[in-house]
Amino acid sequence: MSQQTARRGGAAWALVITSVAGFMAALDNLVVTTALPSIREDLGGGLHDLEWTVSAYTLTFAVLLMFGAALGDRFGRRRLFMAGLAVFTGASAAAALAPGIDSLIAARAVQGAGAAVMMPLTLTLLTAAVPAAKRGMAYGIWGAVNGLAVASGPLVGGTLTEHISWQWIFWLNVPLGLALLPLARLRLAESHGTGAPLDIPGTLLASGGLFGIVYGLVRGPADGWTGGLVLTGLFAGSALLAGFVLYSTRAENPMLPMRLFRSRAFSGINAASLLMFLGMFGSIFLLSQYMQGVLGYSPTEAGLRMLPWTGMPMLVAPIAGLLADRVGGRPVVATGLFLQALGLGYMAVVATADASYAAQLPALIVSGIGMALFFAPASHLVMSSVRPHEQGIASGANNALREVGGALGIAVMASIFAAQGGYETGQTFVDGMRPALVTGSAVVALAGLAALLIPTRRRTEHPQGPVKPAPVLETASR
């Protein structure tokens, strides 16, 4: 099939559809956090139930991402993208209509499953539709939208909860999903991966391993790191992931071929992504509470004051994509990570119980520029580090590692915060937040060092041959 036919839906439409879908999935990671007090007032439930309102989404999202990508490669990326979008939209409506806390948690888990199928396919569908010469800009816009969604979740959730009701953090997804479904059917071209059989043993090992580890990390701060279920989850999850690695080195058609990690580009960008999300998620989790609980801002006011950080991707990420096209992704990603680390470290220094906004502003700006420089080139490096028919696998693996990094970041930062401070006074909160932010800064700096492992050449070669410039076209439906 001709390149023109494969892209008959148009690059612009593909960019709009995949960016909005990615925004919806990424937004729901943190959008619920600022609505928890209102949810508890309306639906009841204890602290354990409120924690699961957040973690049910994170868990199913993380453990099913690679399986969602594999399903798309096997049965059609557009078809499975639409199925995941439909599940996510329906579960969002169910969450908004939930009569009790248990039904809300169940709806959040189904939401995560739909997002796990939908999210990794956004990049492969976008890559199929955009000419190679313009992918830097496309990835830049896609990265800007997704980065903004992750960082602005507390702002969106707080604003809707404060001015309308908490149900609208879920109702927001419904009209967007209903609008995207027919557009995806009409404007996206179908494509497939290798057509290999589904790797059921590998899927069970990877999903079980990730579930155990993420469960342990999410529950550790609340139940204690020596709790039986926490230790069981961490050790059993680690054992299952070790089994997954061993199995994948020997399987004929593994879900995640271990040979991909022979590529310095693939290994480096995935390590950097995991560490970046570890430091960023944990920091946003604490800073959002700091601005509200210590400095006295409302949820909306706190979100607005964080815009120099959270809104920066919309301005800088497209430029970062163009820079990556000119000088390569490695220096842009590494620079962004080191700037993010610098911003978090600076925030740890200036944070006090009565800090002025002017004192915080430089840290927010530097962190925002750093985050923006990371997102777009990182996506480009992931997709260009593997062969075209393996891009769905690569996208799923990278997104899974980001989600695991986010869960780990919240768990680690919350544990450091609890050990050094608490919620008793503004000063005790700052006493706990400062060492946590220093830890986040150090972790993001390690991500920058991991990015430096990526080869400097612009066109990264796969260990078994160069990456073709025009992906997915040979497998698109006729």
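Rules behind the numbers
- Residues numbered from 1 in each chain as written.
- Predicted model: local features only at pLDDT ≥ 70, side-chain atom pairs only at ≥ 80, totals over all residues.
- Heavy atoms only, no water.
- Helix = DSSP H or I, 4+ residues; strand = E, 2+ residues; numbered from the N terminus.
- Buried < 20%, exposed > 50% of the residue type's maximum accessible area, 1.4 Å probe, protein only.
- Contact = heavy atoms within 4.5 Å.
- Areas by Shrake-Rupley, 256 points an atom, 1.4 Å probe, with all protein chains shown as cover.
- Phe/Tyr/Trp six-rings, centres within 6.5 Å; stacked < 30°, edge-to-face > 60°.
- pLDDT = per-residue confidence, 0-100.
- Salt bridge = Lys/Arg side-chain N within 4 Å of Asp/Glu carboxyl O.
- Core = buried A, V, L, I, M, F, W, Y, C linked by side-chain atoms within 4.5 Å.
- Axes fitted to C-alpha atoms, helices over the stretch in contact; angles between N-to-C directions.
- Parallel < 35°, antiparallel > 145°, perpendicular 65-115°, else oblique.
- Left-handed = near helix turned anticlockwise from the far one by under 90°.
- Nonpolar A, V, L, I, M, F, W, Y, C, P; charged D, E, K, R; others polar.
- Patch = residues over 30% accessible without salt bridge, like charges linked within 9 Å, V, L, I, M, F, W, Y side chains within 5 Å.
- Expected span 1.5 Å × (residues − 1).

Draft legend 1. Representation of the overall build of the protein in the model. Of the regular secondary structure elements, the protein holds 19 helices and two strands. Taken over 478 residues, the protein has a buried fraction of 59%. Taking the contacts inside the protein whose residues are at least 6 apart along the sequence as the reference set, 85% of them involve residues at least 24 apart. Of the accessible surface of the protein, which amounts to about 17,400 Å², a share of 67% is contributed by carbon and sulfur atoms.

Draft legend 2. Quick look at the packing of aromatic side chains. What the rule picks out here adds up to four aromatic pairs. Seen in terms of ring centroids, Trp166 and Phe170 are 6.3 Å apart; in terms of plane orientation they differ by 85 degrees. Their pairing is edge-to-face. The pair formed by Trp166 and Phe170 is uniform in burial state, with each residue classed as buried. Here Tyr290 and Phe429 contribute two aromatic rings whose centre-to-centre distance is 6.4 Å and whose plane-to-plane angle is 20 degrees, an arrangement assigned as stacked. Here Tyr290, found in helix 12 (residues 264-294), pairs with Phe429, found in helix 19 (residues 426-451); they are 139 residues apart in sequence, far enough to count as distant.

Draft legend 3. Layout of the confidence of the model for the protein. With 87% of its residues at a pLDDT of at least 70, the protein reaches an overall mean of 78. Segment residues 458-478: pLDDT under 50, and 62 contacts once partners within four positions in sequence are set aside and those in other chains are kept.

Draft legend 4. Representation of the side chain of Asn173 within the structure. With respect to the element layout, Asn173 can be found in helix 9 (residues 173-187). Asn173 sits in the buried class, given a relative accessible area of 1%. The residues touching Asn173, leaving out its near neighbours within four places in the chain, are Met24, Asp28, Phe88, Thr89, Ser92 and Gln111.

Draft legend 5. Structural view of the pattern of salt bridges. The tally for this structure, following the rule as stated, stands at one salt bridge. Note that Arg108 and Asp28 form a salt bridge whose closest N and O atoms lie 3.4 Å from each other. You can see Arg108 sitting in helix 6 (residues 101-129) and its partner Asp28 sitting in the loop between helix 2 (11-27) and helix 3 (36-43), a full 80 residues away along the chain.

Draft legend 6. The arrangement of the nonpolar core in detail. Core analysis: the biggest nonpolar cluster contains 128 residues, and Phe81 and Tyr290 have the highest contact counts within it. The residues touching Phe81, leaving out its near neighbours within four places in the chain, are Ile17, Ala21, Met118, Leu121, Thr122, Leu125, Ala184 and Leu188. Among the nonpolar cores identified, the runner-up in size contains six residues, and Val316, Ala320, Ala372 and Leu373 belong to it.

Draft legend 7. Highlighting the packing of helix 2 against helix 5 (residues 77-96). For the pair helix 2 and helix 5, the least separation of the axes is 12 Å and the interaxial angle reads 40 degrees. Comparing their axes, helix 5 and helix 2 come out oblique. Handedness of the helix 2/helix 5 crossing: left-handed. Of helix 5, the residues touching helix 2 (which contributes Ile17, Ala21, Met24 and Ala25) are Phe81, Leu85 and Phe88. Considered class by class, the residues forming the contact of helix 2 with helix 5 number seven nonpolar, no polar and no charged.

Draft legend 8. Summary view of a nonpolar patch on the surface. On the surface, Phe338, Leu446, Leu449 and Leu452 cluster together to form a nonpolar patch covering roughly 340 Å² of accessible area. Here Leu446 lies in helix 19.

Draft legend 9. Geometry of the packing of helix 12 against helix 16 (residues 329-350). One can describe the packing of helix 12 onto helix 16 by two numbers: an axis separation of 12 Å at closest approach and a directional angle of 25 degrees. Of the possible angle classes, the one that applies to helix 12 and helix 16 is roughly parallel. Where helix 12 crosses over helix 16, the handedness of that crossing is left-handed. For the pair helix 12 and helix 16, the contacting residues are Ile269, Ala272, Met276, Gly279, Met280, Ser283 and Leu287 in the first and Val333, Leu337, Gln340, Leu344 and Met347 in the second. When the residues that make up the contact of helix 12 with helix 16 are grouped by side-chain class, the tally is nine nonpolar, three polar and no charged.

Draft legend 10. Local environment of helix 11 (residues 228-250). For helix 11, spanning 23 residues, the distance from its first C-alpha to its last is 33 Å, which sits close to the expected 33 Å at 1.5 Å a residue. When helix 11 is considered as a whole, its buried residues turn out to be Val230, Gly233, Leu234, Gly237, Phe244 and Ser248.

Draft legend 11. Just the environment of Gln292, in detail. Inspection of the secondary structure assignment puts Gln292 in helix 12. For Gln292, a relative accessible area of 23% puts it in the partly exposed group. Distance from Gln292 to Thr34, taken between C-alpha atoms, is 9.7 Å for residues 258 residues apart in sequence. With residues near it in sequence (within four places) discarded, Gln292 still touches Thr34, Tyr297, Ser298, Pro299 and Ala302.

Draft legend 12. Main features of the environment of Ala442. Mapped onto the elements of the fold, Ala442 is located in helix 19. With 97 residues separating them in the primary sequence, Ala442 and Gly345 have C-alpha atoms 8.2 Å apart.

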